[in-house]
Amino acid sequence: MRIRLSFQMSSFPLGYRFGLLSVIKDIIREGSEAYYDEFFVKNKNKIKPYAFSAYFKDMKIEENKIFAKELHLTISSSKYDFIMFLINGSQKKKQFIYKDHLLELKRVEMLKIDDIKHSITAFRTLSPILIENKDGKPLSPDSPNYLCELEYASQNMVTELLQRPLQQPINILQSSLQKQVIKEHFHQTQDKPLYFTAFKGLIVLEAHKEDLQCLYDCGLGFRTNQGFGLLAREEVGG
């Protein structure tokens, strides 16, 4: 399932992912305190079955702030209850403040999702893909370990959500990915920002279609619940 939350805004921090994650948590909490506690507190170290992306309409950047008229926040998950509590929470609370920046919720839309029907599928990134090695260092698509770590992240996601390993290895048949360096604060008490080297663009994957559906629904790569790895299926002309 996939929804879009549209907010009226004036400004927001340039490192926006932690702020939007806080908004998502706030909405879930409004939908169900018990679900929030189970999902984000008791099971905080478990893989989270969702991914999100942000689009700022008429965006301008000045220093460390984004100025825009609207924010469109797209959230995707294979978990029906997660999306339902988001929808329920969005009916109860309309204004969200993060570091003195106001977001006012104006619209909630259910989006069409694609059924992945083929083992070879092209995707476009809605939020960039982050692949890291065992030491937490980002890898580029031309790194010899990139595919191995992408498969590792995919294996973890599929195992967590479908309770089984990947049905076949994942392969990258083609990619046109561009580097995007992202500056973020993922901890409120953190003085220095973190920098992530992620990649955005087009990627063609070969894998079992059920595994691809899981990754399409919940994100590809690492830190998907922090605003990385949300995919859209891309039509390829023949």
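What counts and what doesn't
Residues numbered from 1 in each chain as written. Predicted model: local features only at pLDDT ≥ 70, side-chain atom pairs only at ≥ 80, totals over all residues. Heavy atoms only, no water. Core = buried A, V, L, I, M, F, W, Y, C linked by side-chain atoms within 4.5 Å. Buried < 20%, exposed > 50% of the residue type's maximum accessible area, 1.4 Å probe, protein only. Helix = DSSP H or I, 4+ residues; strand = E, 2+ residues; numbered from the N terminus. Pairing = 2+ DSSP bridges. Axes fitted to C-alpha atoms, helices over the stretch in contact; angles between N-to-C directions.

- Named according to an unreviewed UniProt entry, the protein is CRISPR-associated endoribonuclease Cas6 originating from Scopulibacillus cellulosilyticus.

1. Some words on the nonpolar core
And step 1. Of all hydrophobic cores here, the largest spans 34 residues; its most connected members are Ile75 and Phe82.
And step 2. Where this core is concerned, the elements lending two or more residues are strand S1 (2-8), helix H1 (17-31), helix H2 (33-42), strand S3 (50-57), strand S6 (70-77), helix H3 (80-92), strand S7 (95-98) and strand S8 (101-110).
And step 3. Looking at which element gives the most residues to this core, the answer is H1, with seven residues.
And step 4. Counting 26 residues, the second largest nonpolar core, distinct from the first, contains Ile131, Val158, Ala207 and Phe222.

2. What about the sheet that holds strand S4 (residues 60-62)?
The strands making up a sheet associate through hydrogen bonds between their backbones, and the pairing can be parallel or antiparallel.
And step 1. If you walk across this open sheet you meet the three strands as S2-S5-S4, and the pairing is antiparallel. Each edge of the sheet is formed by a strand with only one pairing partner; in this case those strands are strand S2 (11-13) and S4. The mean angle between the axes of side-by-side strands here comes to 30°, regardless of whether they run parallel or antiparallel.
And step 2. As paired strands, S2 and strand S5 (residues 65-67) are joined by three bridges and run antiparallel to one another.

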